[in-house]
Amino acid sequence: MYDVAVIGGGISGCMAAIAAARCGASVILIEKYGFLGGTLTACGTGPMMTFHAGDVQVVRGVTNELIERLMNKGFSPGHIFDTTGYTYTVTPFSAEGMKLELEDMMAEAGVELLYHSVVCDVEYENAVINSVEVYGKNGKRCIESRMFVDASGDCDLAFLAGLETNKGREADGKCQPMTMNFKVINVDTDRVKEYIMNNNDEFPRLKSDLSKVTRAPKLSIGGYVNTLKKAQKTGKISFQREDILFFETDRVGEFIVNTTRIINADPTEPKDLTRAEILGRKQAWEVLELHKTEVRGFENAELEFTGPFIGIRGSRQLKGSYVLTAEDIISCVDFDDTIACGGYPIDIHAPEGNDTQMYEKTKLSLEYGDIYHIPYRSLISDNVKNLITVGRCISANFEAQAAIRVSPIAGAIGHGGGVAAGICAVNNINVQDIDIEELRKELKKQGAFI
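Calculation notes
- Residues numbered from 1 in each chain as written.
- Predicted model: local features only at pLDDT ≥ 70, side-chain atom pairs only at ≥ 80, totals over all residues.
- Heavy atoms only, no water.
- Phe/Tyr/Trp six-rings, centres within 6.5 Å; stacked < 30°, edge-to-face > 60°.
- Helix = DSSP H or I, 4+ residues; strand = E, 2+ residues; numbered from the N terminus.
- Buried < 20%, exposed > 50% of the residue type's maximum accessible area, 1.4 Å probe, protein only.
- Contact = heavy atoms within 4.5 Å.

Novice: Run through the packing of aromatic side chains, naming residues and quoting values.
Specialist: What the rule picks out here adds up to 11 aromatic pairs. Each ring, one from Y195 and one from Y224, has its centre 5.7 Å from the other, and the planes form 5 degrees; the classification is stacked. Pair noted here: Y195 is in helix α6 (residues 189-197) and Y224 is in the loop between β13 (220-223) and α7 (225-234), with a separation of 29 residues, a long-range link. Overall, Y224 belongs to the buried group, its relative accessible area being 0%. Centroid distance Y322 to F335: 5.4 Å. Interplanar angle 65 degrees. Geometry classified as edge-to-face. Note that Y322 is positioned in the loop between β17 (316-318) and α9 (326-331) and F335 in the loop between α9 and β18 (338-342), a separation of 13 residues in sequence. The exposure class of Y322 is partly exposed, given its relative accessible area of 23%. Here F335 falls in the buried class, since its relative accessible area comes to 8%. Site record: aromatic cluster; members linked through ring pairs are Y195, F203, Y224, F246, F255 and F298.

The structure is reproduced here in structure tokens:
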């Protein structure tokens, strides 16, 4: 039997596993693929946005330790100015470097890894998860643990245990669109910047301050609104979206293109996911052709990869002891049991596919430098004694989840949940009975900003 079993090896699950192990717990991390990092290393999600709220770095601890290690090995330039105008900073990184570094961190912490394994069932009785059933190529096996951490992204463990979950927008259950990110190489960044500097009307988010694109060593940009509208009218682009969005990686001439949009799909329904993967790749080739013919600097671009799976912004959420709301976010409520903080705005890609709502100068907007807080109670349920949920599937409403879903904050939540799981396992207590002051003290010891 393990002290802590973490389900899912994305950024949140990795941070949870390392944090729990550093509390003295024996930890196993179960991952369906053959590497760590989740969407960051698998499907071209990047850069990480954002570790900051104004001038204050609010995501620190194990998540920032990962970035420092990547920087030391030349796998990341670190936190740099966000030239898109969306948020404060972005953090480009090498996906292959991150895979390697996460495995090194796991080994150093003493975390046992189990790849190519999918949780398919849960033994749950008397408000306790006794074990999970895992399927691999050699059949099924049972894994017992004192504590479980659901870092699946889709609240799979809670769902299999029969706990109450919510999915999508409260009014109709619709989720944010999915996106098939893709990477291209052979981009002439100087030519891209030259076009931006001379075409103000294409980039409304820059608000006429085109010099923003020169303020960081790596380019991130959202715009080309007129180019995209023309392509949509002529049928070159078959889907609705308001702008083109792409990000330079740590490698010269390599960019992540984040522009495709698949709507009316349930991220937990395999048939919908199948359709989304097929349609996402079709859209990716449309966008690539548009870039090669209409976006200066991309003339010689070549597709490097798509996938291996579609990017999901949100699906199931735990209905936990506390539901984090948009009002909590914009009011910057400082909870007594805060375990993580963030500064990324409420960023909703409309389920209908026709808009991205960043909530600037509205009732749901944040002021410059606002810091919001995520409470421990949003990671647990009143109905299970040994489960902690981390990442984008914690207990939050549709609008709040649109802020806390991004990778730095997911990492910080994972750090908080991992420390809690480790403390509960080592002391043989239920998740509801943890001493919050002890939890926060250990988080601060591990370098977290709370």
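More follows now that the structure is in view.
Novice: Give a description of the environment of F51 that names residues and reports values.
Specialist: The topology assignment puts F51 in the loop between α2 (39-42) and β3 (52-53). Sequence separation between F51 and Y344 is 293 residues, and the spatial gap between their C-alpha atoms is 8.3 Å. Discounting residues that sit within four places of it in the chain, F51 has contacts with V56, Q57, V58, V59, T63, N64, I67, H79, T89, T91 and P408.

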